[in-house]
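# Remarks on the overall topology
Each chain, written out:
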Amino acid sequence: MALTGVSLIGGRNGEPGDGFSAVNPVTGEILEPKYAAASQAEIELAVRLAHDAFPSYAALPGGKKAEFLRSIASEIEGNAAEIVARAQLEAGLPKPRLDGELARTANQLRLFAEVVEEGSWVNARIDLPDAARKPPKHDIRSMLKPLGPTVIFGASNFPLAFSVAGGDTASALAAGNPVIVKAHPAHPGTSELVGLAIRRSVQACGLPEGVFSLLFDAGIEVGTRLVRHPLIKAVGFTGSLAGGRALMDLAASRPDPIPCYAEMGSVNPVFILPGALKSRGADIAAGLHASFTLGSGQFCTKPGLVFLPRQEESRNFASDLSERVQKTPSQTMLTSGIAQRYRSAIDARRSQDAAPVIAQSAASATAVACAQPVLFSTDAAVFLKNEDLSEEVFGPTTLLIEYESHSQALEAAEHLEGHLTATLLGTEEDFAAHRDLIAILERKVGRLVLNGYPTGVEVCHAMVHGGPYPATSDGRSTSVGTQAIFRFARPVCYQNFSNSLLPEELKSANPLKIWRMVDGVMTRESVARAGS
Ligand code: NAP
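Residues numbered from 1 in each chain as written. Predicted model: local features only at pLDDT ≥ 70, side-chain atom pairs only at ≥ 80, totals over all residues. Heavy atoms only, no water.

### With respect to the site of the ligand
Residues in contact with the ligand amount to 24 residues; listed here are only the nearest, Ser-156, His-184, Ser-240, Met-264 and Cys-300. Ser-240 is positioned with one of its side-chain polar atoms (N or O) 2.5 Å from an oxygen atom of the ligand. Between the ligand and the protein, one listed contact pairs a nitrogen atom with a side-chain N or O atom of Glu-392 at 3.3 Å. Protein chains shield 87% of the accessible area of the ligand, which is 860 Å² for the free molecule. (Near = heavy atom within 4 Å. Polar contact = N/O pair within 3.5 Å; in protein donor to acceptor, adjacent residues only side chain to side chain. Areas by Shrake-Rupley, 256 points an atom, 1.4 Å probe, with all protein chains shown as cover.)

In structure tokens, the structure reads:
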């Protein structure tokens, strides 16, 4: 399929122009075509089409939205070879990783299809009237409704699963919102191919064209204009703390503030507990090494702080991990900008005395955008005094921090900001003795992992990929898993509505057979109501 280099505005193509190109991070080759930044008129048209599409798309039955989401999944799978080949060129990621990511993208679209087809996600609640009560009680019913045109920013580190048809888009579309994606400039060709797949599904399902648009830009102009636009009602973002924070502030400073769900920095502390270090230090060194170097350390769940007790086995553990780091090949990063930021962050940390380097990959670099894995080490007292050591370094590095007592481990945990995950590696005895540590970490993160590693986020119903600021803009939400749909919906209440005026989900007969809370009790039964 020939790439066009223009934005996709509903069913129409944007104007070509002298724009920007993707660059192969392995070879430095400039990839054709050039992508034109969306013009002000194109932004306006995409937003207007989304606004016009909203009422009819929002009113679509769950089964129809499910058909649309499944169609997108099939369209992406139908063009998998081309999408993966282009993503390999643009992101430098290996084919098996991208094959897996494409499958994950299709699977999460299908999972949201199941959720909206089943229908109970709308959290329907019915309080039946009671005329005899003094004062009389009204008939009050509520459910979740979509927010309106939503802007999604594609992520650099997941060119498929968190980009054009990724989790944010899938959850916003599932909730009934038209979506405008601002493509990440690192992988415009991949974005266009996926955008075309969504466009074909919009057409095949007979939906209004404004349900989906894809806009390109090499800088922040288009994203800024979109977030400021009065007809945009919500934002989803995955990326840096600086970018996420800027968009949060922009969304909040509008005359009519809108929700901005940003998933940003996280350092994902790991606590190794004494019994585990004693009984299986070598296994833990292997597991941790695999986790923080996976995907060149370019995961928001990469473990970046590893707390270990000072005891007889600590030294062996550090040398085992060091040896693994020295033997790790240099790694390709997503863009030369991200590689440069990684090298600068490593140099900055190296130039401080707070945490010396104890190991570095001995391999020589081959890719243009490359990273050498590095291991730093310090102790908890120094960590507690140096705020810089808590910052995310995006790439294949981690920091070992020795704590000298149980109480110092608690102090270090208390010192942590919000993160996506916290991991504890221990024995049953360790966990029983560290309930206080677990209780502190529970306040700091969205997901607690026992005897595992934080990388690898399952897309399922119970997953929480969120956490208090600065991990996300709103710790009450998740960007992975089916609960992500709740970010893009709001409750609407109907008081004293006749049955014919109520949405299907709230009608007395329960025609959709969904789960509803009726007078405080969950049921799928119909409700009796005078005059209904
Ligand atoms: P980014 O710089 O935050 O950019 C993500 C997207 O947001 C891009 O499309 C970017 O546009 C846009 N953007 C950034 N700042 C903006 C602003 N002020 N206004 C409007 N739009 C804005 O993230 P990145 O390019 O993916 O990587 C840069 C760094 O982010 C990495 O080195 C890493 O430290 C961090 N990162 C963290 C995670 C994580 O999950 N924790 C994931 C990815 C990246 P432009 O690119 O066109 O400017």
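There is more to say after this.
### Describing the nonpolar core
Within the largest apolar cluster, 105 residues are counted, with the highest numbers of intra-cluster contacts made by Phe-68, Ile-76, Trp-121, Phe-271 and Phe-307. Considering each element in turn, this core owes the most residues, eight residues, to helix H4 (residues 95-118). Counting the residues that make up this core, at least three belong to each of domain 1 (8-20 + 35-264 + 480-486) and domain 2 (270-450). In this structure, Ala-50, Leu-226, Leu-250 and Cys-260 belong to the second largest nonpolar core, which totals 26 residues. (Core = buried A, V, L, I, M, F, W, Y, C linked by side-chain atoms within 4.5 Å. Buried < 20%, exposed > 50% of the residue type's maximum accessible area, 1.4 Å probe, protein only. Helix = DSSP H or I, 4+ residues; strand = E, 2+ residues; numbered from the N terminus. Domains from an automatic or database assignment.)

### Description of the packing of helix H2 (residues 62-78) against H4
Packed helix pairs are specified by the crossing angle of their axes together with the interaxial distance, meaning the distance between the axes. For the pair H2 and H4, interaxial distance at closest approach is 8 Å and the crossing angle is 170°. Comparing the axis directions of H2 and H4 gives the class roughly antiparallel. Residues Gly-62, Gly-63, Lys-65, Ala-66, Leu-69, Arg-70, Ile-72, Ala-73, Ser-74, Ile-76 and Glu-77 of H2 form the contact with H4, whose participating residues are Leu-102, Thr-105, Ala-106, Leu-109, Arg-110, Phe-112, Ala-113, Glu-114, Val-116 and Glu-117. Residues of the contact of H2 with H4, tallied by class, amount to 11 nonpolar, four polar and six charged. (Axes fitted to C-alpha atoms, helices over the stretch in contact; angles between N-to-C directions. Parallel < 35°, antiparallel > 145°, perpendicular 65-115°, else oblique. Contact = heavy atoms within 4.5 Å. Nonpolar A, V, L, I, M, F, W, Y, C, P; charged D, E, K, R; others polar.)

### Here's the deal with the packing of aromatic side chains
Counted under the stated rule, the structure contains 11 aromatic pairs. On the basis of an interplanar angle of 45° and a centroid distance of 6.5 Å, the ring pair of Trp-121 and Phe-486 is categorised as tilted. Of the two residues, Trp-121 sits in the loop between H4 and strand S5 (124-127) while Phe-486 sits in the loop between strand S20 (445-450) and strand S21 (489-495), which places them 365 residues apart along the sequence. Take Phe-486: its relative accessible area is 38%, and that puts it in the partly exposed class. Ring pairing ties together the aromatic residues Phe-20, Tyr-35 and Phe-216, which thus form one cluster. If you follow Arg-349 out to its NZ or CZ, it ends over the ring of Phe-376, 5.8 Å from the centre. (Phe/Tyr/Trp six-rings, centres within 6.5 Å; stacked < 30°, edge-to-face > 60°. Lys NZ or Arg CZ within 6 Å of the ring centre and 35° of its normal.)

### Structural notes on the domain arrangement of the protein chain
Many structure descriptions define interface size as the accessible area lost when the parts assemble. Considered domain by domain, the protein chain is made up of domain 1 (8-20 + 35-264 + 480-486) and domain 2 (270-450). Placing a centre on the C-alpha atoms of domain 1 and another on those of domain 2 gives a separation of 34 Å. Across the boundary between the two partners, domain 1 contributes 10 residues, which contact 10 residues of domain 2. Taken together, both faces of the contact between domain 1 and domain 2 bury some 790 Å²; the carbon and sulfur share is 64%. Scanning the region where domain 1 abuts domain 2 turns up zero salt bridges. For the interface between domain 1 and domain 2, the tally reads one residue pair in polar contact (both at pLDDT 80 or more). Looking at the side of domain 1 that touches domain 2 residue by residue, the classes come out as four nonpolar, three polar and three charged. (Buried area = accessible area lost by both parts, 1.4 Å probe. Salt bridge = Lys/Arg side-chain N within 4 Å of Asp/Glu carboxyl O.)

### A look at the sheet that holds strand S17 (residues 374-379)
Read across the open sheet, the seven strands follow the order S15-S17-S18-S13-S12-S19-S20; overall the sheet is mixed. Pairing within the sheet leaves two strands with one partner each, and these edge strands are strand S15 (357-360) and S20. In this sheet, adjacent strand axes meet at a mean angle of 20° when their direction is disregarded. Sheet topology note: the strand S12 (residues 269-272)/strand S19 (residues 419-425) ladder contains three bridges and is parallel. Paired with Val-270 across the strands is Thr-423, a residue of S19. Packing against the sheet, helix H13 (residues 406-415) makes contact with S12, strand S13 (305-309) and strand S18 (397-403), and its axis sits at approximately 140° to S18. Seen against the sheet, helix H15 (residues 435-444) touches S12, S19 and S20 and runs at an angle of roughly 140° to S20. (Pairing = 2+ DSSP bridges.)

### Quick word on a negative patch on the surface
Side chains of Glu-387, Asp-388, Glu-391 and Glu-417 sit close together on the surface and give a patch of like negative charge. Structurally, Glu-391 is set in the loop between helix H12 (380-385) and S18. (Patch = residues over 30% accessible without salt bridge, like charges linked within 9 Å, V, L, I, M, F, W, Y side chains within 5 Å. Lys, Arg positive; Asp, Glu negative; His and termini not counted. Charge placed at Lys NZ, Arg CZ, Asp CG, Glu CD.)

### Section: the sheet that holds strand S2 (residues 12-13)
One open sheet holds the seven strands; their spatial order is S2-S1-S9-S8-S7-S10-S11, and the pairing between them is mixed. Every interior strand has two partners, whereas the edge strands, S2 and strand S11 (260-263), have only one. Inspection of the sheet shows strand S8 (residues 179-182) paired to strand S9 (residues 212-215) by four bridges, in the parallel sense. In the strand pairing of S9, Val-179 is matched with Phe-212. The strands that helix H7 (residues 221-228) touches are strand S7 (150-153), S8, S9 and strand S10 (234-238); relative to S8, the one it contacts most, it runs at about 155°.

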